[in-house]
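Below, each chain spelled out in residue letters.
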Amino acid sequence: MLKGKVALITGGTRGIGLETVRTFLENHADVILFGSKSESVQIAKESLKKEGFLVDGYFPNLNNYEEVLDIIKEIIKKYGHIDILINNAGISANKKIEDTTYEDFSKIIDLNVKAIFNLIKAVVPYMKDNQGGVILNTSSMVSIYGQPSGVGYPASKFAVNGITKSLSRELAPFQIRVNAVAPGIIKTDMVAALPEEQIKPLIQSIPLGRIGEPKDIANAFLFLASDMASYITGEILSVDGAARS
Ligand code: NAD
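If you're wondering where the values come from, they're calculated on a predicted model, not measured in any experiment. (Residues numbered from 1 in each chain as written. Predicted model: local features only at pLDDT ≥ 70, side-chain atom pairs only at ≥ 80, totals over all residues. Heavy atoms only, no water.)

### A short note on the overall build of the protein chain
Quick note on the threshold: A helix here means a DSSP run of H or I that spans at least four residues, while a strand means a run of E at least two residues long, and both kinds are numbered starting from the N terminus. In this setup the radius of gyration rests on C-alpha atoms only. A globule is expected at 2.2 Å times the number of residues raised to 0.38. We call a residue buried when its accessible area falls under 20% of the maximum for its residue type, exposed when it is over 50%, and partly exposed in between, using a 1.4 Å probe and counting protein chains only. In what follows, residue pairs with any heavy atoms lying within 4.5 Å of each other are defined as contacts. The Shrake-Rupley method, run with a 1.4 Å probe sphere, supplies the accessible areas, and residue values consider only the shown protein chains as cover. For the purpose of counting charges, residues Lys and Arg are taken to be positive, whereas Asp and Glu are taken to be negative. His and the chain ends are not included. Charge positions are represented by NZ for Lys, CZ for Arg, CG for Asp and CD for Glu.
Scanning the protein chain for helices and strands turns up nine helices and seven strands. Over its C-alpha atoms the protein chain spans a radius of gyration of 17 Å, differing by no more than 12% from the 18 Å that the globule rule assigns to 245 residues. Dimensions along the principal axes, computed over C-alpha positions, put the protein chain at roughly 50 × 35 × 35 Å. Taking all 245 residues of the protein chain together, 51% fall into the buried category. Partitioning the contacts of the protein chain with sequence separation of at least 6, the portion at a separation of at least 24 is 74%. With an accessible surface of roughly 12000 Å², the protein chain has 55% of that area assigned to carbon and sulfur atoms. Positive and negative side-chain charges in the protein chain, numbering 26 and 27 respectively, have mean positions lying 3 Å apart.

The following block contains the structure:
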């Protein structure tokens, strides 16, 4: 489904991102993954190599625009174009407001919002040069319902939806589609980090009767990145088993 396409995926070293990298490789895209550290990028590359896949990997500071731009230029030099950008790196929070510091709040906004701005800003001129592209963002079901604690996380994902909807309109004339996937509760390290008493009732309340797998989200990204979604832009696609918490 993605033959001849070059895809850049942030947070590609584990969880939803790594599964999306794998799914895109299975569908014949060239994939570049970004992670937060040299070691995690190396581990992801090695495990994909064992499965027969070769990928390039980088670990720029996503909040440093110049650093991001330098790597984008390097990728363009090697591959000629970037067709798909997936802004997937993200962190969550679950502390009550009284326990959340300004620094905690800023850390979430820096990665979940400002880093997306940096990546899109760096990549868009090349997509315009190439007469089109696809930008996909990882939102969350908390961008629709909020959550009972950890206000920085839903705040950041509401912003992701705002970026998605606004840029879909700004960039449509350039044949650049911008969509987001809003996962429900997905079996990754992010969910494993939550306390058992918080996660158990959430899973029991999912109407489809199971926790989501990273593959469920990777498949949604695959569809939205492919030409099958060529008339879809500005959408926030919920992939959550009808979870409503
Ligand atoms: P994860 O913790 O398994 O993976 C997070 C990824 O983000 C990793 O690849 C990590 O390298 C990267 N990352 C973390 N901090 C970074 C930093 N400072 N700089 C660069 N990269 C950094 O989590 P996941 O569940 O796979 O989450 C991926 C995305 O899905 C996130 O945006 C998250 O908000 C979203 N999401 C997850 C769930 C869920 O239930 N797991 C639900 C809704 C949305």
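Picking up where we left off.
### Quick word on the pattern of salt bridges
Spelled out, the test is: The salt bridge criterion pairs a side-chain nitrogen of Lys or Arg with a carboxyl oxygen of Asp or Glu, the two atoms within 4 Å.
The full count for this structure, using the stated rule, is 10 salt bridges. Put simply, E19 and K215 hold a salt bridge, and the shortest N to O gap is 3.4 Å. With E19 in helix 1 (residues 15-26) and K215 in helix 9 (residues 214-225), the pair connects residues that are 196 residues apart, well separated along the chain. Residue E19 is classed as buried on the basis of its relative accessible area, which comes to 15%. Its relative accessible area of 29% is what places K215 among the partly exposed residues. In this structure, K187 and E213 form a salt bridge, with 3.5 Å as the shortest nitrogen-oxygen distance. With K187 in the loop between strand 6 (176-183) and helix 7 (189-192) and E213 in the loop between helix 8 (196-204) and helix 9, this pair connects stretches of sequence that are 26 residues apart. The class for E213 is partly exposed, based on a relative accessible area of 30%. Salt bridges here are not isolated pairs; linked through shared partners, they connect E19, R22, E26, E51 and K215.

### Examining empty space enclosed by the protein
Threshold: For each structure, a 1 Å grid was placed over the protein atoms alone; sets of points admitting a 1.4 Å probe that cannot get out are labelled cavities, open sets with protein on both sides within 12 Å along at least five of seven lines are labelled pockets, and lining residues have an atom within 4 Å of a point. Grid points are joined across faces, edges and corners, and a volume is the space filled by probe spheres set on the points. All amino acids are sorted into three groups, where Ala, Val, Leu, Ile, Met, Phe, Trp, Tyr, Cys and Pro are nonpolar, Asp, Glu, Lys and Arg are charged, and the leftover types, Gly among them, are polar.
Using the criterion set out here, one finds one cavity of 30 Å³ or more in the structure. In this model, the largest cavity occupies a volume close to 40 Å³. Residue lining of the largest cavity: T10, L62, N87, N88, A89, L111, A115, I116 and L119, and that is the complete set. Here the residues of the lining of the largest cavity are counted per class, giving six nonpolar, three polar and no charged.

### Notes on the sheet that holds strand 1 (residues 6-9)
What holds strands together in a sheet is hydrogen bonding between their backbones, with the strands either parallel or antiparallel. Worth spelling out the cut-off: Strand pairing is assigned whenever DSSP identifies at least 2 bridges connecting the two strands. As a rule, the C-alpha atoms of each element are fitted with a line to give its axis, helices using only the stretch in contact, and angles between N-to-C directions run from 0 to 180 degrees.
Read across the open sheet, the seven strands follow the order 3-2-1-4-5-6-7; overall the sheet is parallel. If you trace the sheet from one side to the other, it starts and ends with strand 3 (56-58) and strand 7 (236-239), each paired once. Within this sheet the neighbouring strands show an average axis-to-axis angle of 20 degrees, counted without direction. The pairing of strand 1 with strand 4 (residues 84-87) spans three bridges and is parallel. Of the residues in strand 4, the one forming a bridge with L8 is L85.

### Regarding the side chain of S168
On the secondary structure map, S168 appears in helix 6 (residues 152-171). In this structure, S168 is in contact with V178, T233 and G234, ignoring residues within four places of it in sequence.

### Here we look at the site of the ligand
To keep it simple, the criterion reads: Near residues are defined by distance, with any heavy atom within 4 Å of the molecule or strand qualifying the residue. Between N or O atoms, a polar contact is any pair within 3.5 Å; within protein, one atom must be a potential hydrogen donor and the other a potential acceptor, and residues adjacent in sequence are included only when both atoms are from side chains. What decides whether a molecule sits in a cavity or pocket is whether more than half of its atoms lie within 2 Å of the grid points.
The local shell around the ligand holds 26 residues, among which I16, N88, Y153, I186 and T188 are the closest. Between the ligand and G11, the relevant distance is 3.0 Å, taken from an oxygen atom to a main-chain nitrogen or oxygen of the residue. The side chain of R14 places a nitrogen or oxygen atom 3.0 Å from an oxygen atom of the ligand. With the chains in place, 89% of the 830 Å² that the ligand exposes on its own is no longer accessible. Under a 2 Å grid-point criterion requiring more than half of the atoms, the pocket assigned to the ligand is the largest pocket. When contributions to the shell around the ligand are tallied by element, the ones reaching two or more residues are helix 1, helix 6 and helix 7. Counting residues per element, the shell around the ligand draws most heavily on helix 7, which supplies three residues. Its residues assigned to classes, the shell around the ligand shows 11 nonpolar, 12 polar and three charged.

### Some thoughts on unusual backbone geometry
Even without being glycine, Q131 reaches a positive phi, approximately 65 degrees. Examined against the element boundaries, Q131 turns out to sit in the loop between helix 4 (102-129) and strand 5 (133-138). With a phi angle near 60 degrees, Q175 is a residue other than glycine that sits in the positive phi range. For Q175, the location among the structural elements is in the loop between helix 6 and strand 6. For Q175, a relative accessible area of 56% puts it in the exposed group.

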